[in-house]
Each structure stands twice: as structure tokens, then as C-alpha cells.
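Examination of the molecular architecture
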Amino acid sequence: MKLKLFTFLISALFMIPVGVFAHGTEEEHQREMLTATLLNYSFIVSSILLGLGIILFFLIRNQLKTVNVKKKEGRLKRDKLQRWLKLSRWVSVLALLALAVSGVFALTNGTGEEEDIDFMHIHGLGFTNDGTEIYVPAHDGLKVYKNGKWKIPEGEKHDYMGFSMVDNGFYSSGHPAPGSSMKNPFGVVKSTDMGKNLQTLDLYGEVDFHGMGVGYYSHAIYVLNPERNSRMDDAGLYYSLDETKTWTKSDMKGLEGQPSAIAVHPEKENMVVISTNRGVYLSKDYGNSFDNIAKNTPVTSVSFTKEGKLLAGVITDKPSLMEINLESGEKKNIPIPTLSEDNAIGYIAVNPNNEKQIVFTTFEKDIYLTDNHGGNWIQIAKQGKGMNSQTTTNEGKS
């Protein structure tokens, strides 16, 4: 009876849908992350089989001690039990090997340097406070560029949206990774250990904020809320100055066009910028009123420097990178590699310790980095493929 039960359990394990072991993910996201889910499934099944194999081994061994081999029936039973004992050993060995292999793959995929880095999508960009690492949130978790090499940091491979790097970590929204026990969507979360752990702040399980910006030092949070929820009466721009304990709705007077990006001044919590297809809109009163400081110019991305200058990815006759001095109103172009009209700038980040070091992504998932304010550029990702070599140089072009 016990042997039949064991056989049934082994068979049943392979009939369980993979989705049972994945919690709270969207169908499309789960489909794209099938490899990671299968890895989790393999680890779980191997662990269960190993446990069952060990239990079966001891059950059979104990049963063998009670068999009377003086009788023919006893000898037949002994031979049968010995065959099952041999089977239990093989099940345990194979399960142990499978467990080791899946564990190695999980460790490799979860942390450490990677030769091949792929970006399904890119959902943000930012430098760490010491300026040594560039974090890129993608559809399948964080990617990190440091010293000419890409790597995948520790932590679950969540689909981060509205990602905003700050001086002690990052804030984000988005969706949980396949196999995660976290609710979907995230609402607003934060991490102070670069994604190893997430702290849920507000609207957990309710809202995914694609448009979110956070002051690098002030930690003032601004979100473009898509719809009514338990904390916000309707859609619009909201901000919080106390880690989401309270939210205030902004009037958004003067803002026109379709928003494409949002950036918050690193220190002045009252200053927020929203880019649209009609220009760059600056507010100095918590988003209640906006002035267009780059009229009739489609703008795809915005980012502040530590000193409070504004960088904007604009499209005129071709994509370009503009620097705006908000105090003097002076505008100047930063030379960048030639981009096709369809390959505009998606995200921009500036090193907080060196404003001459700038990185930007494009719609086609290219990533470029300059150390001398656009004097020359290196390409560190091409069409969603990370490049570990710094030998490829792209001269900046006006």
C-alpha cells in the first residue's frame, strides 16, 4: 500500500501545472518568464522526490527486517522489497543531482557576473550614490553595469515599473516575479539593499504606477495615478512627502499633451518636471501649476543632475539630448551618437558624483555612456543585448 502511494505521488508531481508554483503574475509576464518558473518548479519537484526517496528507503529497510526468509513467500517478498530499495536509492540520487543542478542555475541566474545580459524591456535607469554602478530595471529584474561588466544582482527578478534611484536605494512600482509570494501589483515599494528585499509602502496589490518620480535626496514621491483607488479619489498627479503616509493631489494647471516622463528635483521637493509631446513642463509649486520651458518640442525623457540642471531627450528633426539651466534658462545640446528618428532617448541618468558622466537608453534598447559630457560615448547595450567591452567607441555628434 505504501509503495503504491509513493508511485502515485511521483506521477502526480509531474501532472501539476507549472502555474501552481507561481503567484500573482500576469499571464503575459508569466509566459515571458517561463524559464525562471520552470527552474523553480524543478527545484521544488527535486526536493520533494529526494524527501520521498529517503523516506521510502528507510521504510523498506525496516520492512525487510521483519520478513521471514525461511518460507518461499518470504523470499519472494524480500526480492521484491530489495528491488524497491534499489529504486528508492536511484530516485534519491537522481533527485539529489537534479536539485544540485537547479540550485546552481538558480544561483547563476540570481547573482554574479553574466556574459550575456538581455533586456526584454527597459523601465528606468539610475546611478548608485557612490557613482560606481548603473542600475537598469528590466521586465525580468535588475541589471547592473560596473567597471565595464554587466551582472545580475541578488533578489527576485521583479518587473519594476516607475523605477527611481535615490541616494540610499530605490523606489519603484511594478509586478512580482514568477514564483514570488508578493502581491500583484506592487503599488509603491522601496529597497535600501538594492533589491535583495522590498518594503511595501502603499497601495500594495492595487496599483501599478508607470509614471513615478522620486527626489534623489529629498525622497519626495510624485506619481501619475491612472485611476481611482483606496487612497486617491481620481486620476491625476499626486505627491507624498512622508513615505506615502499622506497623499496630496496637484492641480496640474498649464500642463498640456501626453505625459512621457516625470522627474523630481534631487533636493527641492516642490520642484517637478513632466515631459510631453508638447514640451518640458516645470512646476515649482508641487505640480499645481506648470510652465513650458521647451515649447513645441516633443520630449521623451527627463532627468535632473545633482546640481539641479535638467537633461531632456528631445525630438526635432532627429533625437537629441538637451541640457537646460533652470536658473538662467540657457539651453544647449549635448553631442550624442546618431540615432534614427524611431530610436529616441527613453531614460537618462547622471552620475551624482560626476555630472560629466551620463548614461541614456533608447527605444530600441541601446544604452550609451559618456564620461566627458558627450565628448565621446561607449555603447554598453545594443538592441537589448548587454555589451561587456568598453572598446566600442561612438563619437558624439551634434
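One can find the structure itself at the top, above this paragraph.
The structure reproduced in this document is the subject of the present report. If you're wondering where the values come from, they're calculated on a predicted model, not measured in any experiment. (Residues numbered from 1 in each chain as written. Predicted model: local features only at pLDDT ≥ 70, side-chain atom pairs only at ≥ 80, totals over all residues. Heavy atoms only, no water.)

If you tally the helices and strands in the protein, you get four helices and 26 strands. Here the protein, with 398 residues, has 49% of them falling under the buried criterion. Within the protein, contacts between residues at least 6 apart in sequence are counted, and of these 45% link residues at least 24 apart. As presented, the protein carries roughly 19,500 Å² of accessible surface, and 52% of it is formed by carbon and sulfur atoms. (Helix = DSSP H or I, 4+ residues; strand = E, 2+ residues; numbered from the N terminus. Buried < 20%, exposed > 50% of the residue type's maximum accessible area, 1.4 Å probe, protein only. Contact = heavy atoms within 4.5 Å. Areas by Shrake-Rupley, 256 points an atom, 1.4 Å probe, with all protein chains shown as cover.)

Now for the nonpolar core. One finds Phe 119, Trp 150, Val 359 and Ile 367 to be the most contacted residues of the largest nonpolar core, which totals 18 residues. Put simply, the parts of the chain that give this core at least two residues each are β2 (134-138), β23 (367-370) and β24 (376-382). Judged by nonpolar contacts, the second largest core, of 16 residues, contains Ala 261, Ala 263, Ala 294 and Ile 324. (Core = buried A, V, L, I, M, F, W, Y, C linked by side-chain atoms within 4.5 Å.)

Right, let's get into the sheet that holds strand β8 (residues 199-202). Strand pairing in a sheet takes place through backbone hydrogen bonds and is either antiparallel or parallel in direction. Strand order in the open sheet formed by four strands is β5-β6-β7-β8, with antiparallel pairing between adjacent strands. Looking at the sheet topology across the chains shown, the edges are occupied by β5 (159-166) and β8. Ignoring which end each strand starts from, the neighbouring axes of this sheet average 30 degrees apart. Inspection of the sheet shows β5 paired to strand β6 (residues 169-175) by six bridges, in the antiparallel sense. Following the sheet pairing, Met 161 is matched in β6 by Ser 173. (Pairing = 2+ DSSP bridges. Axes fitted to C-alpha atoms, helices over the stretch in contact; angles between N-to-C directions.)

Turning to the side chain of Ser 240, a few remarks are in order. Along the chain, Ser 240 turns up in strand β11 (residues 236-240). A polar side-chain atom of Ser 240 sits 2.9 Å from a polar atom in the side chain of Asp 242. From its side chain, Ser 240 meets the backbone nitrogen of Thr 244 in a polar contact 2.9 Å long. Those residues in contact with Ser 240 that lie beyond four places of it in its chain are His 219, Ala 220, Ile 221, Lys 245, Thr 246 and Trp 247. (Polar contact = N/O pair within 3.5 Å; in protein donor to acceptor, adjacent residues only side chain to side chain.)

To describe a pair of aromatic rings, one takes the distance between the centres and the angle between the planes. Inspection of every chain in the model, using the stated rule, returns 10 aromatic pairs. Consider the rings of Tyr 239 and Tyr 286, whose centres lie 5.1 Å apart with planes at 20 degrees: the pair is stacked. Highlighted residues: Tyr 239 in strand β11 and Tyr 286 in the loop between β15 (279-283) and β16 (291-292), separated in sequence by 47 residues. With a relative accessible area of 11%, Tyr 239 lands in the buried category. Judged by relative accessible area, Tyr 286 falls into the partly exposed class, the value being 25%. (Phe/Tyr/Trp six-rings, centres within 6.5 Å; stacked < 30°, edge-to-face > 60°.)

Strand order in the open sheet made by the four strands is β13-β14-β15-β16, with antiparallel pairing throughout. Pairing within the sheet leaves two strands with one partner each, and these edge strands are β13 (259-264) and β16. Where β15 meets β16, two bridges bridge the pair, whose relative direction is antiparallel. If you follow Tyr 281 over to β16, its bridge partner there is Asn 292.

Residues Asp 317, Glu 341, Asp 342 and Glu 364 make up a contiguous surface patch of negative charge. With respect to the helices and strands, Glu 341 occurs in the loop between β20 (331-334) and β21 (345-351). The class for Glu 341 is exposed, based on a relative accessible area of 56%. (Patch = residues over 30% accessible without salt bridge, like charges linked within 9 Å, V, L, I, M, F, W, Y side chains within 5 Å. Salt bridge = Lys/Arg side-chain N within 4 Å of Asp/Glu carboxyl O. Lys, Arg positive; Asp, Glu negative; His and termini not counted. Charge placed at Lys NZ, Arg CZ, Asp CG, Glu CD.)

A few words on unusual backbone geometry. Cis peptide bonds are those with omega within 30 degrees of zero, and the linkage from Asn 184 to Pro 185 qualifies with 0 degrees. Examined against the element boundaries, Pro 185 turns out to sit in the loop between β6 and β7 (188-191). The phi dihedral of His 373 is positive, around 60 degrees, even though this residue is not glycine. Counting through the fold element by element, His 373 comes out in the loop between β23 and β24. Of the residues examined, His 373 reaches a relative accessible area of 22% and is grouped as partly exposed. In this structure, Gln 383 takes a positive phi of about 50 degrees despite not being glycine.

What follows is about the environment of Asp 317. Relative to the helices and strands, Asp 317 is located in the loop between β18 (310-315) and β19 (319-324). Taking the C-alpha atoms as reference, Asp 317 lies 7.8 Å from Glu 341; in sequence the two are 24 residues apart. A polar side-chain atom of Asp 317 sits 3.0 Å from a polar atom in the side chain of Thr 316.

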